[in-house]
Amino acid sequence: MNRNDKLVKRFFDILENGGNWTEMYLIRDMLMEEYINGAFSQVEIVQIDDILQEALERELEDNEPVIEMYYLD
């Protein structure tokens, strides 16, 4: 298993277990570096980035504070 495979595996392990956002972004950045060096495809890095963005959006929606407004008549 090469470095890219290990990074991708770790990324999905963290994602599945509701893990550390900082580590997921670090892995994404490391994979971007691999892409720049020609060892990772553009399609794969875009997919990882999209997955990360969607997961973060879901996390923010799930934890969005609820503001209750009361109207006085």
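Here, every reference points to the structure presented above.
Model, not experiment: these values are computed from the prediction.

Asker: What is the right way to read helix α2 (residues 21-36) from this model?
Answerer: In an α-helix, one turn spans 3.6 residues, which is why side chains three or four residues apart end up on the same side. With 16 residues, α2 should cover 22 Å at 1.5 Å per step; its first-to-last C-alpha distance of 23 Å lies within 8% of that length. Among the residues of α2, those classed as buried are M24, I27, R28, L31 and E34. Angularly, the buried residues of α2 cover 115° about the axis, an arc narrow enough to put them on a single face. Those residues of α2 that are exposed and angled more than 90 degrees off the buried face are T22 and I36. Residues of α2 that are buried make contact with α1 (3-16) and α3 (42-62). At the N-terminal end of α2, a side-chain oxygen is found 2.7 Å from the backbone nitrogen of T22, two or three residues along, and the residue is N20. Following α2 by one or two positions, G38 has its phi on the positive side, about 85°.

Asker: Any chance you could explain the packing of aromatic side chains here in plain terms?
Answerer: Where two aromatic rings form a pair, the distance of their centres and the angle of their planes describe that pair. Across all of its chains, the model carries 1 aromatic pair by this definition. Ring geometry for F11 and F12: centres 5.3 Å apart, planes at 90°, overall edge-to-face. Given the relative accessible area of 0%, F11 is considered buried.

Asker: Would you take a moment to explain the packing of α2 against α3 for this structure?
Answerer: Packing of α2 against α3 brings their axes to within 10 Å, and their N-to-C directions diverge by 165°. Between α2 and α3, the angle falls in the class roughly antiparallel. For the pair α2 and α3, the crossing hand works out as left-handed. Facing W21, M24, Y25, R28, L31, M32 and Y35 of α2, the residues of α3 in contact are Q42, I45, I48, D49, L52, A55, L56 and E59. Residue composition of the contact of α2 with α3, grouped by class: 11 nonpolar, 1 polar and 3 charged.

About the criteria used
Residues numbered from 1 in each chain as written. Predicted model: local features only at pLDDT ≥ 70, side-chain atom pairs only at ≥ 80, totals over all residues. Heavy atoms only, no water. Helix = DSSP H or I, 4+ residues; strand = E, 2+ residues; numbered from the N terminus. Expected span 1.5 Å × (residues − 1). Buried < 20%, exposed > 50% of the residue type's maximum accessible area, 1.4 Å probe, protein only. Arc of directions from axis to C-beta. Contact = heavy atoms within 4.5 Å. Polar contact = N/O pair within 3.5 Å; in protein donor to acceptor, adjacent residues only side chain to side chain. Phe/Tyr/Trp six-rings, centres within 6.5 Å; stacked < 30°, edge-to-face > 60°. Axes fitted to C-alpha atoms, helices over the stretch in contact; angles between N-to-C directions. Parallel < 35°, antiparallel > 145°, perpendicular 65-115°, else oblique. Left-handed = near helix turned anticlockwise from the far one by under 90°. Nonpolar A, V, L, I, M, F, W, Y, C, P; charged D, E, K, R; others polar.

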